[in-house]
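Residue-level structural notes
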2 protein chains.
Amino acid sequence: MMQLTASQIRQDLNCFGGFGQQGYGYNVAALHKEIGNIMGLDRHMPMVLIGAGNLGRTIARHMDFDSSGFRLIGIFDNSVHIVGQTIRDLVVRDAAELEDFCRAHTPRAAVLCIPKEVAFETTQRLMELGVNCFWNFSHYDLSLDFEGVIVENVHLGDSLMTLSYQINEAYPKTENQK
Amino acid sequence: MMQLTASQIRQDLNCFGGFGQQGYGYNVAALHKEIGNIMGLDRHMPMVLIGAGNLGRTIARHMDFDSSGFRLIGIFDNSVHIVGQTIRDLVVRDAAELEDFCRAHTPRAAVLCIPKEVAFETTQRLMELGVNCFWNFSHYDLSLDFEGVIVENVHLGDSLMTLSYQINEAYPKTENQK
DNA sequence: TAGATTGTTAATCGATTAACAATC
DNA sequence: TAGATTGTTAATCGATTAACAATC
């Protein structure tokens with residue numbers, strides 16, 4: 001279904017070890033669990049979310065942090081209109097409380113749902129508090145300015161442009177449209 | 001800055017043609033425009049968004065469709081609580097109007113911000129209306145059931161798990177944590 | 001002409017695929 | 001023993017890198 005060959009699956013699994021039994025097959029349940037362990041999905045690492053605008057709220061509401069290796073323990077914003085709101089079971093805290101909160105709960109990871117204008121300073125604040133793993137929704141490239149960060153970027157604009165390219169390849173612009 | 005080599009850039013550009021002048025260089029502004037043309041970023045293809053829940057509203061509000069090759073011309077939902085709301089400059093329409101609207105405006109692309117339970121039937125409805133290009137935020141794999149679709153998937157869960165894996169590689173679980 | 005930079009071909013590297021041994 | 005399926009090595013393929021010719 002995923003368009004992978006049997007060879008490729010065997011090769012990929014063998015990067016991490018042997019999980020099957022020759023002549024018999026794989027124990028699917030056990031393999032599934034092993035892969036989860038390799039990915040660290042059972043770690044429940046404390047994580048904070050910065051920026052509770054439309055995007056941040058959506059992420060906080062929709063994502064299943066618990067089954068992805070994380071536990072969302074705090075949501076922060078600097079707008080008086082948003083601070084105090086409850087999202088899921090968390091009350092949005094004032095960004096000014098970030099230092100105290102991080103010292104108390106020592107998260108190592110953060111979701112960045114902030115405008116790129118404040119991305120640098122926010123990242124710097126977090127790094128000083130020991131947070132160096134980022135799920136980055138901002139348009140700012142953290143890895144340029146910070147050493148030793150672990151970043152996973154989500155740039156939805158790139159994704160939409162990729163779709164545009166695929167469509168443009170399959171159905172090219174006609175001369176009239178130019 | 002993007003960690004690409006000069007060789008790689010030249011090779012990649014030459015997949016589409018020669019845009020520079022030997023001995024002189026590239027005209028950056030012209031090259032930028034050419035790349036946009038290749039990606040079809042100036043097409044303003046009509047696009048509808050299906051599902052105006054948290055995620056759908058966020059996408060509709062945040063994304064710059066116009067500079068990515070699309071024009072968002074309609075937002076649809078089936079909840080009476082959401083239909084009638086205004087997002088940006090669009091009023092959310094009842095999903096029942098989808099057929100009439102598509103016949104009138106003939107969009108070819110759609111954003112799917114719907115639960116996976118209704119993803120199949122919604123896709124089928126859209127395909128019958130001539131919409132076969134999808135920006136898919138649902139957990140459902142369209143390409144399995146539909147031939148000739150162009151799909152760009154956004155699976156945020158995968159992205160978060162990728163971050164988990166990277167962290168788990170860099171900072172492995174200790175035995176105590178197991 | 002010398003220096004610089006692109007276009008293009010060749011060499012290298014890594015990933016995918018195929019083949020086969022090992023094992024149930 | 002025969003069939004099936006994994007683990008692992010070898011062959012193939014494609015992408016990245018390097019080299020060099022072309023051109024300003």
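Note that the structure is a prediction, hence the values are computed from the model and not measured. (Residues numbered from 1 in each chain as written. Chains lettered and ligands numbered in written order. Predicted model: local features only at pLDDT ≥ 70, side-chain atom pairs only at ≥ 80, totals over all residues. Heavy atoms only, no water.)

**So, the environment of P115(A)**
Looking at the element boundaries, P115(A) is found in the loop between strand 8 (109–112) and helix 5 (119–128). Spatially, the C-alpha atoms of P115(A) and G53(A) are 9.9 Å apart, while their sequence positions differ by 62 residues. (Helix = DSSP H or I, 4+ residues; strand = E, 2+ residues; numbered from the N terminus.)

**Let's talk about the protein's contact with DNA strand C**
If you check the shell around DNA strand C, you find 20 residues, and the closest are S7(A), Q11(A), Q11(B), Q22(B) and G23(B). When the atoms of DNA strand C within 4 Å of the protein are sorted by group, sugar and phosphate make up 52%. When residues of the surface near DNA strand C are traced back to their parent elements, those giving at least two are helix 1 (6–13) of chain A together with helix 1 (6–14), strand 1 (20–21) and strand 2 (25–26) of chain B. Broken down by element, the residue count for the surface near DNA strand C peaks at four residues, all from helix 1 of chain A. Partitioning the surface near DNA strand C into residue classes produces three nonpolar, 15 polar and two charged. (Near = heavy atom within 4 Å. Nonpolar A, V, L, I, M, F, W, Y, C, P; charged D, E, K, R; others polar.)

**Let's talk about the sheet that holds strand 4 (residues 70–77) of chain B**
All names here are of chain B. Ordered by their spatial adjacency, six strands build an open sheet running 7-4-3-8-9-10, and the pairing between neighbours is parallel. The open sheet terminates on both sides in strands that have one partner only, identified here as strand 7 (93–94) and strand 10 (150–153). Bridging between strand 3 (residues 45–50) and strand 4 involves six bridges; their strand directions are parallel. Note that in strand 4 the partner of M47 across the bridge is L72. (Pairing = 2+ DSSP bridges.)

**What about the relation of the copies chain B and chain A?**
In this structure, two copies of a chain are linked by a rotation about an axis accompanied by a shift along it. After a rotation of 180° and a shift along the axis of 0.0 Å, chain B superposes on chain A with an RMSD of 0.0 Å. The symmetry that links the two subunits is that of a two-fold axis. Interface overlap between copies: 100% of the residues of chain B at the interface are likewise at the interface in chain A, consistent with a symmetric, same-surface contact. (Least-squares fit on C-alpha atoms with pLDDT ≥ 70 in both. Contact = heavy atoms within 4.5 Å.)

**A short note on the protein's contact with DNA strand D**
Around DNA strand D lies a shell of 20 residues, among which Q11(A), Q22(A), G23(A), S7(B) and Q11(B) are the nearest. The protein-proximal atoms of DNA strand D, defined as those within 4 Å of the protein, are 52% sugar or phosphate. Here a phosphate oxygen of DNA strand D and a backbone polar atom of F19(A) are 3.2 Å apart. When contributions to the surface near DNA strand D are tallied by element, the ones reaching two or more residues are helix 1, strand 1 (20–21) and strand 2 (25–26) of chain A together with helix 1 of chain B. Per element, the largest residue contribution to the surface near DNA strand D is four residues, and it comes from helix 1 of chain B. Split into classes, the residues belonging to the surface near DNA strand D amount to three nonpolar, 15 polar and two charged. (Polar contact = N/O pair within 3.5 Å; in protein donor to acceptor, adjacent residues only side chain to side chain.)

**Section: the interface of chain B and chain A**
Each side of the interface is counted separately: chain B has 52 residues, and chain A has 52 residues. Of the roughly 4,500 Å² buried where chain B meets chain A, counting both sides, 64% is carbon and sulfur surface. The largest share of the area that chain B buries against chain A comes from R43(B), L160(B) and Y171(B), three residues that together contribute 14% of it. The tally of links from chain B across to chain A stands at two salt bridges. A salt bridge links D42(B) to K173(A); the nearest nitrogen and oxygen atoms lie 3.0 Å apart. Our count for the chain B to chain A interface comes out at 29 residue pairs in polar contact (both at pLDDT 80 or more). Broken down by secondary-structure element, the contributors of at least two residues to the side of chain B that touches chain A are helix 2 (28–39), strand 3, helix 3 (54–62), strand 9 (133–136), strand 10 and helix 7 (156–170) of chain B. Element by element, the count of residues in the side of chain B that touches chain A is highest for helix 7 of chain B, at 13 residues. The residue inventory of the side of chain B that touches chain A, partitioned by class, reads 30 nonpolar, 16 polar and six charged. (Buried area = accessible area lost by both parts, 1.4 Å probe. Salt bridge = Lys/Arg side-chain N within 4 Å of Asp/Glu carboxyl O.)

**What to know about the state of the cysteines**
Residues and elements named next belong to chain A. Enumeration according to the criterion identifies zero disulfides over all chains in this entry. In this structure C102 is a free cysteine whose sulfur lies 13 Å from that of C133, the closest cysteine sulfur available. Among the residues examined, C102 registers a relative accessible area of 1% and is labelled buried. (Disulfide = S-S within 2.5 Å. Buried < 20%, exposed > 50% of the residue type's maximum accessible area, 1.4 Å probe, protein only.)

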